[in-house]
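Descriptive analysis of the structure
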Amino acid sequence: MSIKIEIDNGSGFCFGVTTAIQKAEEELAKGGTLYCLGDIVHNGMECERLRQMGLVTIDHEQMAQLHNVKVLLRAHGEPPETYELAKKNNIEIIDATCPVVLQLQKRIKKQYETPLTSHLSPLTSQIVIFGKKGHAEVLGLVGQTHGEAVVIETFDEVKRLDFSRDIYLYSQTTKSLDEFHRIIDYIQQHIAPGAVFKSFDTICRSVANRMPNISQFAARHDLILFVCGHKSSNGKVLFNECRRINANSHLIEGPEEINTQWLEGVQTIGICGATSTPKWLMEQCAEKLKVISEK
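Residues numbered from 1 in each chain as written. Predicted model: local features only at pLDDT ≥ 70, side-chain atom pairs only at ≥ 80, totals over all residues. Heavy atoms only, no water.

As for the overall build of the protein
Each helix and strand counted, the protein has 11 helices and 12 strands in total. When its C-alpha atoms are laid out on the principal axes, the protein stretches across 75 × 55 × 25 Å. With 295 residues in all, the protein has 51% of them scored as buried. Taking the intrachain contacts of the protein between residues at least 6 apart in sequence as the baseline, contacts between residues at least 24 apart amount to 71%. Of the roughly 14,400 Å² of accessible surface on the protein, a fraction of 51% belongs to carbon and sulfur atoms. Each charge class in the protein can be summarised by its mean position, and for the 32 positive and 36 negative side chains these summaries are 3 Å apart. (Helix = DSSP H or I, 4+ residues; strand = E, 2+ residues; numbered from the N terminus. Buried < 20%, exposed > 50% of the residue type's maximum accessible area, 1.4 Å probe, protein only. Contact = heavy atoms within 4.5 Å. Areas by Shrake-Rupley, 256 points an atom, 1.4 Å probe, with all protein chains shown as cover. Lys, Arg positive; Asp, Glu negative; His and termini not counted. Charge placed at Lys NZ, Arg CZ, Asp CG, Glu CD.)

What follows is the structure, given as structure tokens:
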């Protein structure tokens with residue numbers, strides 16, 4: 001059977017992830033041990049590739065036991081306590097925090113500290129972050145406020161905010177732009193007279209712009225294979241968009257998960273992925289499809 005296979009040009013690592021992996025590879029090439037705080041990217045196969053090169057993934061508890069070593073901070077960013085720990089334990093930080101995330105951390109920190117240098121009490125305002133609870137980036141953002149920021153994960157959670165107090169709304173860089181605007185509209189309608197509401201669109205455009213692109217891509221093909229690690233936050237959002245446009249969409253972690261039955265009656269297959277999906281993995285899936293279709 002003759003099947004046309006296309007890999008989406010817009011899929012694959014975003015700028016922040018690409019930079020983090022490059023920094024890791026450069027350090028590993030020098031020799032010596034390099035630790036990474038958390039998975040460098042939410043993709044098991046890419047993590048395994050770097051592990052074989054010598055990258056050692058650790059958590060915060062393990063980092064607390066280390067001294068006089070090099071630790072890479074991934075694109076998601078870290079709260080201030082991580083830097084304090086590194087200083088205390090004489091750990092050299094290789095900082096690969098995405099510039100977009102770094103800028104957002106600074107804005108939230110400045111907003112949090114503003115009431116402390118004016119007549120306002122911090123109790124009069126709420127810093128709200130639209131993001132995934134427990135996500136590495138969100139933990140880094142909440143850390144700028146000594147844990148005081150309110151995290152809302154979905155539109156429904158906006159209803160539990162205190163609308164009698166000032167609200168300063170930010171977003172995790174990889175969240176849905178449409179849902180963010182729904183939250184803004186709801187707050188504007190419910191904020192009390194006299195209370196201040198300000199929203200800051202901090203969603204990364206290199207991720208947000210993938211939504212319309214991936215919609216068009218999904219519509220072009222009979223079958224969509226979305227290649228993505230199960231931990232990827234933006235992967236879930238992008239895959240759901242694929243499935244909304246094309247019901248014949250399947251999420252796979254790698255070529256071994258391709259089901260030959262999906263190919264029945266199919267003439268075109270589109271392969272796409274998240275900002276944490278390496279191009280080489282999508283290419284492996286395309287190769288596997290070629291082998292299957294030539295049988």
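There is more to say after this.
Details of the side chain of Arg 74
Its location among the elements puts Arg 74 in the loop between β4 (70-73) and α4 (80-88). Here Arg 74 occupies a buried position and makes no salt bridge, while the nearest side chain of opposite charge, Glu 78, is found at 4.9 Å. Within the local environment of Arg 74, its side chain forms a polar contact with the backbone oxygen of Leu 37, the two atoms lying 3.3 Å apart. (Salt bridge = Lys/Arg side-chain N within 4 Å of Asp/Glu carboxyl O. Polar contact = N/O pair within 3.5 Å; in protein donor to acceptor, adjacent residues only side chain to side chain.)

Remarks on the pairing of strand β3 (residues 55-58)
Strand direction decides the pairing type here: strand β2 (residues 34-37) and β3, joined by four bridges, are parallel. Across the sheet, Cys 36 pairs through a bridge with Thr 57, a residue of β3. Handedness of the β-α-β unit built from β2, helix α2 (residues 44-53) and β3 comes out right-handed. (Pairing = 2+ DSSP bridges. Right-handed = clockwise from strand over helix to strand, strands pointing away.)

A word on the packing of helix α1 (residues 15-29) against α2
In contact at an axis separation of 10 Å, α1 and α2 are set at 15 degrees when each is read in the N-to-C sense. Taken as axis vectors, α1 and α2 run roughly parallel relative to one another. Where α1 crosses over α2, the two elements pack in a sense that is left-handed. Contacts between α1 and α2 involve Ile 21, Glu 25 and Leu 28 from the former and Glu 46, Arg 49, Leu 50 and Met 53 from the latter. Residues of the contact of α1 with α2, tallied by class, amount to four nonpolar, no polar and three charged. (Axes fitted to C-alpha atoms, helices over the stretch in contact; angles between N-to-C directions. Parallel < 35°, antiparallel > 145°, perpendicular 65-115°, else oblique. Left-handed = near helix turned anticlockwise from the far one by under 90°. Nonpolar A, V, L, I, M, F, W, Y, C, P; charged D, E, K, R; others polar.)

Some remarks on unusual backbone geometry
Phi angles above zero are rare outside glycine, and Asn 68 is one such case at about 55 degrees. Relative to the helices and strands, Asn 68 resides in the loop between α3 (60-64) and β4. Residue Asn 68 is classed as exposed on the basis of its relative accessible area of 57%. Its identity is not glycine, yet His 146 carries a phi of approximately 55 degrees, on the positive side. Within the secondary structure, His 146 sits in the loop between α6 (136-142) and β7 (150-152).

Overview of helix α9 (residues 210-219)
Those residues of α9 that fall on the buried side of the exposure criterion are Arg 210, Ile 214, Ser 215, Phe 217 and Ala 218. End-on view of α9: buried residues confined to an arc of 165 degrees, all on one side of the axis. What points out from α9, more than 90 degrees from its buried face, is the exposed set Gln 216 and Ala 219. Considering only its buried residues, α9 is in contact with β1 (4-7), α8 (205-208), β10 (223-227), α10 (233-245) and β12 (268-273). (Arc of directions from axis to C-beta.)

Here's the deal with the environment of Ile 292
Mapped onto the fold, Ile 292 is located in helix α11 (residues 279-294). Note: C-alpha distance between Ile 292 and Ile 258 (34 residues apart in sequence) is 9.8 Å.

Observations regarding the packing of α9 against α10
Direction vectors running N to C along α9 and α10 enclose 40 degrees, while the axes themselves pass 9 Å from each other. Taken together, α9 and α10 sit at an angle that is classed as oblique. In the crossing of α9 with α10, the sense of the turn from one axis to the other is right-handed. On α10, the residues that touch Arg 210, Met 211, Ile 214, Ser 215, Ala 218 and Ala 219 of α9 are Val 237, Leu 238, Glu 241, Cys 242 and Ile 245. Considering only residue class, the contact of α9 with α10 consists of eight nonpolar, one polar and two charged.

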